[in-house]
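Descriptive analysis of the structure
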Amino acid sequence: MTPTDEERIRVFAGQLKGPVRLGLISTGDPQTAPLAAFCDRLQDLIPWLQLTPVDGGRTAAPAIAAGRRFLFHEVPQGPALPPFLKAVAAAGEEAPTAADGTGGAALEVFVVPGCPFCPGVVDQAVDLVARDARLLLAVWDAGLFPEKAAASGVRSVPTVLLGTFRWTGAVSTFEIREALESLEKGELGAGAMERMIKEGQAFDMLRLFQERGTVAPAFVELLTHPLLPLRLGAMAVMETLAERAPELARGVLPSLWEGFGAAENVVKGDILNVIG
């Protein structure tokens, strides 16, 4: 921990209106040691910080828990420190838990130290989770937990995951909220599906259609979208759907045909291709 970080923590401690609590999830993994050392130093700098051990269960990964909705699988230093302190303040005296996903939808943010964009994304996520009780936040240092990053398909940072939704780089709170609404309602909106195609998740969309036994009504908007890359992504989903679940695919055709007359000629050609 640098002198700058220590001073930032002292200033933060002076602004607190009461005691705060943190939990440390310790395991036999080597990542526990740096997290524990950070917590020990944090406790030296904030005398009224209550640090308690937290049982994360057999499958838990080492983490610092702030309340029941913030987990940090990282050592938050430098630019990563302010978002962490914001989460600590938001949790306050709330008893820390492992935030195992039973109390909300898990929003996961993958970062690495030195990434210029990661702290801003984490800060944004902390604000969102602090305001929305439906969400839990887990911040992962992809370098400290490479196996977790690999298992989650993380190839660059920052990467944000929410259920089947994935964002790489900048993401707006509106997009995350839209995705959360889609997950809760069981129906994908056009914006959410557009983002999935852009992020290379077109076949995750296909899986959702098959699992739910219905195609989202807004899917037709992508099949007739003026941008060719979006149309092609939607057409690929439609072609595979026709092979795997022809009845689902057939249900899209009436709405698709309704938009034929108003479509541009190049889009009409793709509509006819899909119908064929």
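Definitions and cut-offs
- Residues numbered from 1 in each chain as written.
- Predicted model: local features only at pLDDT ≥ 70, side-chain atom pairs only at ≥ 80, totals over all residues.
- Heavy atoms only, no water.
- Pairing = 2+ DSSP bridges.
- Helix = DSSP H or I, 4+ residues; strand = E, 2+ residues; numbered from the N terminus.
- Axes fitted to C-alpha atoms, helices over the stretch in contact; angles between N-to-C directions.
- Contact = heavy atoms within 4.5 Å.
- pLDDT = per-residue confidence, 0-100.
- Salt bridge = Lys/Arg side-chain N within 4 Å of Asp/Glu carboxyl O.
- Buried < 20%, exposed > 50% of the residue type's maximum accessible area, 1.4 Å probe, protein only.

Okay, the sheet that holds strand E4 (residues 70–73) next. Across the sheet, 8 strands lie side by side as E2-E1-E3-E4-E6-E5-E7-E8; this open sheet has mixed pairing. Edge positions in the sheet fall to strand E2 (49–53) and strand E8 (165–168), since each has one partner strand and no second. Neighbour to neighbour, the strand axes of the sheet diverge by 20° on average, direction disregarded. One ladder, built from 7 bridges, connects strand E5 (residues 105–111) with strand E6 (residues 135–141); its direction is parallel. Looking at the pairing, Ala106 lines up with Leu136 of E6. Lying on the sheet, helix H3 (residues 81–91) is in contact with strand E1 (20–25), strand E3 (63–66) and E4; it crosses E4 at an angle near 150°.

Residues with a pLDDT of 70 or more make up 96% of the protein chain, whose mean pLDDT is 89. Per-element averaging of pLDDT across the protein chain places helix H7 (residues 190–198) at the bottom with 79 and E4 at the top with 96.

The subject of this paragraph is the pattern of salt bridges. In total, this model carries 14 salt bridges according to the counting rule given. In this structure, Lys148 and Glu108 form a salt bridge, with 3.3 Å as the shortest nitrogen-oxygen distance. Placement of the pair is Lys148 in helix H5 (residues 146–151) and Glu108 in strand E5, with a sequence separation of 40 residues. On the basis of relative accessible area, Lys148 is assigned to the partly exposed category, the value being 26%. A residue is classified by how much of its surface remains accessible, and Glu108, at 17% relative accessible area, is buried. Here Arg134 and Asp132 are joined by a salt bridge, their closest N and O atoms 2.8 Å apart.

What follows covers the side chain of Arg231. By the element assignment, Arg231 lies in helix H10 (residues 228–244). You can call Arg231 buried: its relative accessible area is 2%. With residues near it in sequence (within four places) discarded, Arg231 still touches Leu222, Leu223, Thr224, His225, Pro226, Val266, Val267 and Asp270.

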